[in-house]
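Residues per chain are reported as follows:
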Amino acid sequence: MTERTKKEKKGRRFKTRTTMALATTYKVVLGSIAFAIFWALAVFPAVPLLPIGRTAGSLLGATLMVLFRVITPDEAYAAIDLPILGLLFGTMVVSVYLERADIFKYLGNLLSWKSKGAKDLICRICLVSAISSAFFTNDTSCVILTEFVLKIARQHNLPPHPFLLALASSANIGSSATPIGNPQNLVIAVQSKVSFGDFLVGVLPAMLVGVSVNALILIIMYWRLLSVHKDEEDGTGEIVGEDDVSSHRFSPATMSHISASNSMDHVQSSPNNINGSLATHLDSIRNRINSGDQLESQRSPCGSIDSNDISTPAQFSEEKESKTEHWKNKMWKLCVYLVTIGMLVALLMGLNMSWTAITASLALVVLDFKDARPCLEKVSYSLLIFFCGMFITVEGFNKTGIPSTLWNFMEPNAKVDRVSGIAVLAVVIILLSNVASNVPTVLLLGGRVAASAAAISASEEKKAWLILAWVSTVAGNLSLLGSAANLIVCEQARRAPHLGYTLSFWNHLKFGVPSTLIVTAIGLTLIR
């Protein structure tokens, strides 16, 4: 089959979806009810009447679509997009091994290295957050870097919220640059068949300018707060030590997709958790002091080593074994970085993204030469199940014909070959992304926007997909509930031991609205 034939076939498929008429009344009503239940539980996972969470909510929506006979069981299974799930699974496993290889510790230390003040820190946080999110996903970056940012704010005696806003907003903007930056980009990359390299080249200029503009907006809005000088007593060394890094290891299965309200209620209702963390921290300090005393007691008053402490052959053997383990660990880290770079090169070469990510993840499992269960347990299987339920629910809602009818009404005013059309499309995407969440928005609009653009030209079709990726991602900065990354930063900040800080909805909103509108508008002029 030629490339042209494939294009025509895809265009006909999109055209069929776009022109779909409304289904029978009972399908429209029951399908809308099922989708409304899914939407309510996805956006508000702690609904008092049914507090079952996002994952169970997506499965409930999917099951209702089948039980209500909006779609058949076979159509439900066919709606699950396995390439997207494979790509998501592979990137999560790679992220787990990268975190074990201390990549995020080095990124955290980079934030404080030779810092030149609060405004410099804002710029660094924006840059590091954006770059790490582009390659390790925005959720992962926010889980790991939030506590680093809180430590930086404490060290410089500065209010944390400008830095937390910089982390969350830049993570969202940065993740727009690659297909592996966030879940909606994964969906777009698989459905559109846009290569990794084309995706990166198309969105990267908008991302770089967007991050710079976002940092500038933060500095202007919080100029007076960021102009406060830190006390001279504050140190200028490393902010985060080895023990601090190991205290908040990456665990997407338990952190990345928990609602902020649930986690906060749990913390507030369980003061023993806080006492336990304090006790653990104190025990750690005591162990360090005791080990220091033991070392000190081994020395003579003049500082020389006692004759009784002369190393034995067994001790020499232990030291040699320790050095061997040290070099093995360094070589293992190097292998992790090389495999990750190889995965990115393969993606840039246009190889199948799902199998490339899965192959890289399995290569890391083999190189680790250990039982992979502890690492695989950190994969967010609840997120994968959520996607399965969401695919079925959205497909069922499409079968009702409601999305097609609404799009047919809006399409004449949302053509991507006109500035006014792009503006209308961007507003619709921003609103839907904040009301229905960005991934369902992409699933509902993607094929329709592509079909409308394909009727103009092939290049316009590609541009339409990239516009959808850019706007749906940056739209997450509008409010605290706009993206999972925002909720993760809020949750992690409130849960941080000794550093807890509450990022309020209104603090986020008064920055998020101007930042989202300005960054989105500027980025749209740079999408190619």
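Counting restarts for each chain, with residues numbered from 1 along the sequence as it is written. This being a predicted model, a pLDDT of at least 70 is required before a residue's local features are given, and a value of 80 or more before pairs of side-chain atoms are given or counted; all residues contribute to the totals for chains, interfaces and linings. Side-chain measures were taken over the full set of non-hydrogen atoms in the model, leaving aside hydrogen atoms and water.

Peer 1: Help me understand the overall build of the chain, please; the structure alone is not making it clear to me.
Peer 2: Think of it this way: any DSSP run of H or I at least four residues long counts as a helix, any run of E at least two long counts as a strand, and we number them from the N terminus. Tallying secondary structure elements over the chain gives 25 helices and 0 strands in all. Relative accessibility under 20% of the residue-type maximum defines a buried residue, over 50% an exposed one, and the middle range a partly exposed one, all with a 1.4 Å probe and only protein chains included. For the chain, buried positions account for 50% of its 528 residues. Only the protein chains shown count as cover for residues, with accessible areas throughout obtained via the Shrake-Rupley method and a probe of 1.4 Å. Carbon and sulfur atoms provide 64% of the accessible area of the chain, an area that totals close to 25,100 Å².

Peer 1: Just to check I follow, could you spell out the pattern of salt bridges for this structure?
Peer 2: Side chains bearing opposite charge may pair, as long as their charged atoms lie close to each other. Whenever Lys or Arg places a side-chain nitrogen within 4 Å of a carboxyl oxygen from Asp or Glu, that contact is recorded as a salt bridge. Across all of its chains, the model carries 7 salt bridges by this definition. Aspartate 120 is paired through a salt bridge with arginine 124; the nearest N and O atoms lie 3.0 Å apart. Taken together, the residues span about one helical turn, with aspartate 120 and arginine 124 both in helix α7 (residues 118-136) at a distance of 4 residues. Among the ionic pairs, glutamate 411 bridges to lysine 415, the shortest N-O distance being 3.7 Å. On the basis of relative accessible area, glutamate 411 is assigned to the buried category, the value being 18%.

Peer 1: Please explain the packing of helix α8 (residues 138-155) against helix α24 (residues 484-495) as it appears in this structure.
Peer 2: In helix packing, the relevant descriptors are the interaxial angle and the interaxial distance, both defined with respect to the helix axes. Interaxial angles span 0 to 180 degrees and are taken between N-to-C directions of axes, which are lines fitted to C-alpha atoms, for helices over the stretch in contact. At a minimum axis distance of 9 Å, the contact between α8 and α24 shows a crossing angle of 30°. Put simply, α8 runs roughly parallel to α24. For the crossing formed where α8 meets α24, the hand is right-handed. Contacts between α8 and α24 pair Asn138, Asp139, Cys142, Val143, Thr146 and Leu150 from the former with Ala484, Ala485, Ile488, Val489, Gln492 and Ala493 from the latter. Working rule for angles: under 35 degrees goes down as roughly parallel, over 145 as roughly antiparallel, 65 to 115 as roughly perpendicular, anything else as oblique. In this scheme the handedness of a crossing depends on how the near helix is turned from the far one: anticlockwise by less than a right angle means left-handed, clockwise means right-handed. Note on definitions: a residue-residue contact is assigned when non-hydrogen atoms from the two residues lie within 4.5 Å.

Peer 1: When you look at empty space enclosed by the protein in this model, what are you seeing that I'm missing?
Peer 2: Left-over empty space is what a probe sized like a water molecule reveals as it rolls over the atoms. With a 1 Å grid laid over protein atoms only, a set of points is called a cavity when a 1.4 Å probe fits there but cannot get out and a pocket when it is open yet has protein on both sides within 12 Å along at least five of seven lines; lining residues have an atom within 4 Å of a point. Grid points are joined across faces, edges and corners, and a volume is the space filled by probe spheres set on the points. Scanning the entire structure with this criterion turns up 3 cavities of 30 Å³ or more. Estimated volume of the second largest cavity: approximately 50 Å³. The dominant element in the lining of the second largest cavity, judged by the number of residues it contributes, is helix α5 (residues 82-100), at 4 residues. In this count, Pro and Cys sit with the nonpolar residues alongside Ala, Val, Leu, Ile, Met, Phe, Trp and Tyr, while Asp, Glu, Lys and Arg are called charged and the others, Gly among them, polar. Looking at the lining of the second largest cavity residue by residue, the class counts come to 6 nonpolar, 4 polar and no charged.

Peer 1: Explain a nonpolar patch on the surface here, please?
Peer 2: Together, Met331, Leu334, Leu338, Ile341, Val345, Met349 and Leu351 make up a nonpolar patch on the protein surface, roughly 690 Å² of accessible area in all. Relative to the elements of secondary structure, leucine 334 occurs in helix α16 (residues 313-348). Like charges within 9 Å and nonpolar side chains (Val, Leu, Ile, Met, Phe, Trp, Tyr) within 5 Å are joined into patches, using only residues over 30% in relative accessible area that form no salt bridge.

Peer 1: Teacher, can you tell me more about helix α9 (residues 161-175) here?
Peer 2: Helical periodicity: at 3.6 residues per turn, an α-helix aligns residues three or four positions apart in one direction. Expected helix span is computed as 1.5 Å times (number of residues minus one). Its 15 residues give α9 an end-to-end C-alpha distance of 21 Å, which sits within 8% of 21 Å, the value for a rise of 1.5 Å per residue. With 15 of 15 residues buried, α9 lies mostly within the body of the structure.

Peer 1: Just checking my understanding: could you explain the side chain of threonine 441 for this structure?
Peer 2: Note on placement: threonine 441 falls in helix α22 (residues 438-454). Whenever a nitrogen or oxygen atom comes within 3.5 Å of another N or O atom, the pair is scored as a polar contact, on the condition that within protein one atom can donate a hydrogen and the other can accept it, and that pairs from neighbouring residues in sequence are kept only if both atoms are in side chains. A polar contact of 2.8 Å, which involves the side chain of threonine 441, links it to the backbone oxygen of serine 437. In contact with threonine 441, not counting residues within four places along its chain, are Ile429, Leu432, Ser433, Ala436 and Gly446.

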